[in-house]
Amino acid sequence: MIERKKTRKIFVRDVAIGGDAPITIQSMTNTDTKDVENTVKQTIEMEENGLDIIRMAVNDEEDAKAIKEIKKKIHVPVIADIQFDYKLALMAAREGYDCIRINPGNLNSSSELREIVDICKDKNLPIRVGANSGSISKKILDKYNGVNKESLVYGALEQVEMLNKLDFYNIKVSIKSSDVNTCIDANRMFSSMCDYPLHLGLTEAGSPSVGIVKSSIAIGTLLKDGIGDTIRVSLTSDPLEEVIAAKKILNALGIRRDSVNLVSCPTCARTKINIIPIVEELEPLLANIKKDITVAVMGCPVNGPGEAKNADIGISMSKEYAYLFKKGNVIKKLDRNEVVEELLKEIERM
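Because the structure is a prediction, the values reported are computed rather than measured.

## Thoughts on the packing of helix H7 (residues 149-164) against helix H8 (residues 180-193)
Packing of H7 against H8 leaves a shortest axis separation of 9 Å and a crossing angle of 45 degrees. Overall, the two elements H7 and H8 adopt an arrangement that is oblique. As H7 runs across H8, the sense of the crossing is right-handed. Contact with H7, carried on its side by Lys 149, Glu 150, Leu 152, Val 153, Tyr 154, Ala 156 and Leu 157, involves Thr 182, Asp 185, Ala 186, Met 189, Phe 190 and Met 193 of H8 and no other residues of that element. Each residue belonging to the contact of H7 with H8 can be placed in one class, and the counts come to 9 nonpolar, 1 polar and 3 charged.

## Regarding the packing of aromatic side chains
Following the criterion strictly, the structure yields 1 aromatic pair and no others. Between Tyr 144 and Tyr 154, the aromatic rings sit 5.0 Å apart at their centres with planes inclined by 0 degrees, giving stacked as the arrangement. Residue Tyr 144 is located in the loop between helix H6 (138-143) and H7, and its partner Tyr 154 is located in helix H7; the two are separated by 10 residues in the primary sequence. By relative accessible area, which is 28% here, Tyr 154 ends up partly exposed. Here the basic side chain of Arg 8 rests over the ring of Tyr 196, its NZ or CZ set 4.2 Å away from the ring centre. Sitting above the plane of the Tyr 321 ring, Lys 333 keeps its charged end 4.2 Å from the centroid.

## A closer look at the pattern of salt bridges
The tally for this structure, following the rule as stated, stands at 25 salt bridges. Two residues, Arg 55 and Asp 81, come together in a salt bridge whose shortest N-O distance is 2.4 Å. Separated by 26 residues along the polypeptide, Arg 55 in strand E4 (residues 53-57) and Asp 81 in strand E5 (residues 78-81) bring together distant segments of the chain. Overall, the relative accessible area of 6% leaves Arg 55 in the buried class.

## What to know about helix H9 (residues 208-224)
Its 17 residues place the ends of H9 22 Å apart at the C-alpha level, agreeing with the 24 Å of an ideal helix rising 1.5 Å per residue. Count one or two residues on from H9 and you reach Gly 226, which has phi positive near 85 degrees.

## With respect to unusual backbone geometry
In the Ramachandran plot, Asp 167 falls in the positive-phi region, its phi being about 60 degrees despite a non-glycine side chain. Among the structural elements, Asp 167 can be located in the loop between H7 and strand E8 (171-175). The exposure class assigned to Asp 167 is partly exposed, which follows from its relative accessible area of 48%. For Glu 204, which is not glycine, the phi torsion reads 50 degrees and is therefore positive. Along the polypeptide, Glu 204 turns up in the loop between strand E9 (198-200) and H9.

## Description of the nonpolar core
Ile 82, Ile 100, Ile 102, Ile 116, Ile 127, Val 173 and Phe 190 are the most contacted members of the largest nonpolar core, which totals 78 residues. Of all the elements, helix H4 (residues 86-95) adds the most residues to this core, at 7 residues. Setting aside residues no more than four positions away along its own chain, Ile 100 makes contact with Ala 80, Ile 82, Ala 89, Ala 92, Ala 93, Cys 120, Pro 126, Ile 127 and Arg 128.

## Regarding the sheet that holds strand E13 (residues 313-317)
Consider a sheet: its strands pair through backbone hydrogen bonds, and that pairing is either parallel or antiparallel. As summarised here, the arrangement of the 5 strands in space is E11-E12-E13-E14-E15, forming an open sheet in which the pairing is mixed. On the outer flanks of this sheet lie strand E11 (261-264) and strand E15 (329-335), each paired with one strand and no other. Taking the axes of each pair of neighbouring strands and ignoring which way they run, one obtains an average angle of 20 degrees across the sheet. Note: E11 against strand E12 (residues 294-298), 4 bridges, orientation parallel. Along E12, the bridge assignment pairs Ser 264 with Val 297.

## Details of the UniProt feature "domain: IspG TIM-barrel" (unreviewed entry) in the protein chain
Here the UniProt feature "domain: IspG TIM-barrel" (unreviewed entry) sits at residues 7-246. Taken as a whole, residues 7-246 contains 45% helix and 16% strand, while its terminal C-alpha atoms sit 21 Å from one another.

## A look at a negative patch on the surface
Taken together, the side chains of Glu 45, Glu 48, Asp 238 and Glu 241 present a region of like negative charge at the surface. Within the fold, Glu 241 resides in helix H10 (residues 239-252).

## Here we look at H7
The end-to-end C-alpha distance of H7, which contains 16 residues, comes to 22 Å, matching closely the 22 Å that a straight helix rising 1.5 Å per residue would cover. Looking at H7, one finds that the buried residues are Ser 151, Leu 152, Val 153, Gly 155, Ala 156, Leu 157, Glu 158, Gln 159, Val 160 and Leu 163. Its buried side turned inward, H7 meets helix H5 (110-123), strand E7 (127-131), H6, E8 and H8. Where H7 begins, the side chain of Asn 148 points an oxygen toward the backbone nitrogen of Glu 150, at a separation of 3.1 Å.

## A word on the environment of Leu 222
Note on placement: Leu 222 falls in helix H9. In this structure Leu 222 comes out as buried when scored by relative accessible area, which is 1%. On a C-alpha basis, the gap between Leu 222 and Leu 200 in space is 8.3 Å, while along the polypeptide they are 22 residues apart. Excluding residues that lie within four positions of it along the chain, Leu 222 makes contacts with Cys 183, Ile 184, Asn 187, Arg 188, Leu 200 and Ile 227.

Reading the values: the criteria
- Residues numbered from 1 in each chain as written.
- Predicted model: local features only at pLDDT ≥ 70, side-chain atom pairs only at ≥ 80, totals over all residues.
- Heavy atoms only, no water.
- Axes fitted to C-alpha atoms, helices over the stretch in contact; angles between N-to-C directions.
- Helix = DSSP H or I, 4+ residues; strand = E, 2+ residues; numbered from the N terminus.
- Parallel < 35°, antiparallel > 145°, perpendicular 65-115°, else oblique.
- Left-handed = near helix turned anticlockwise from the far one by under 90°.
- Contact = heavy atoms within 4.5 Å.
- Nonpolar A, V, L, I, M, F, W, Y, C, P; charged D, E, K, R; others polar.
- Phe/Tyr/Trp six-rings, centres within 6.5 Å; stacked < 30°, edge-to-face > 60°.
- Buried < 20%, exposed > 50% of the residue type's maximum accessible area, 1.4 Å probe, protein only.
- Lys NZ or Arg CZ within 6 Å of the ring centre and 35° of its normal.
- Salt bridge = Lys/Arg side-chain N within 4 Å of Asp/Glu carboxyl O.
- Expected span 1.5 Å × (residues − 1).
- Core = buried A, V, L, I, M, F, W, Y, C linked by side-chain atoms within 4.5 Å.
- Pairing = 2+ DSSP bridges.
- UniProt positions renumbered as here; feature names shortened; annotations may be inferred.
- Patch = residues over 30% accessible without salt bridge, like charges linked within 9 Å, V, L, I, M, F, W, Y side chains within 5 Å.
- Areas by Shrake-Rupley, 256 points an atom, 1.4 Å probe, with all protein chains shown as cover.
- Lys, Arg positive; Asp, Glu negative; His and termini not counted.
- Charge placed at Lys NZ, Arg CZ, Asp CG, Glu CD.
- Polar contact = N/O pair within 3.5 Å; in protein donor to acceptor, adjacent residues only side chain to side chain.

And the structure:
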């Protein structure tokens, strides 16, 4: 049982972050936000696979104004990603975005930040701040000798303090690094010093083959420590893969069990048939089944049903037949060519 650190609870529209709220999954569209049709299409596909909150880049006035049409067709709250232009942040807040992501250090003056804070107060919008290697002030970098856990943490705290001085506390914080150990260490340190909700992620993680591994280590370690309130797996890929990977991380830790947990043996010389194609066929078919069950695919009688006896349901392959079992007890003998079909039928009945 993971004991989470109690953080402040905020709301991005109707989705709670922090406190006792469930850990949420985020991603970011890679379409031009003003391209309403494709932005909506991409968001809905992610919604169908477990997305809770989406972030969209606001690069110009058209992006800011597009949110009205976008929100008519999607269901999750939307965060406006603002880089340097405070006027776009003001417009995004007025047009209907649910949260503003800014780096106060990128603004030209304290008066610009005050205007953003004032409109966010008026509309009850949270602000996400954070630190990565490109968003730490020179003063902090010089003091802590470059980018490391200390400069990341104190860089984030500097941004929080800028908002607190303006009597603004509706904040969530993100501290990201592309280095796994630095990311873990910095978030642990920040969590010990501050109770604002944390957005976890490993920035610039890379392609799925590498990025999912690194992100799983960093995010998974912190979640196991009880740290983190919302997560994004950043990948150089279709953002849908980010959502699927995040869901699998939460599922593996037993945090969010609203999907099928598929387990399968690694195959060896005991395996009488090649089960790899069976697993590859089965995995996408199970992806959208909303059941908290474990399904096992085992390649020989040694591993299944014995080793997989704790699975809710599974199949074990022999040279000639397959055996369907539940909780370690064989309930049916199957022809090998009907394994996937019969397994899915039985799962549907459960």
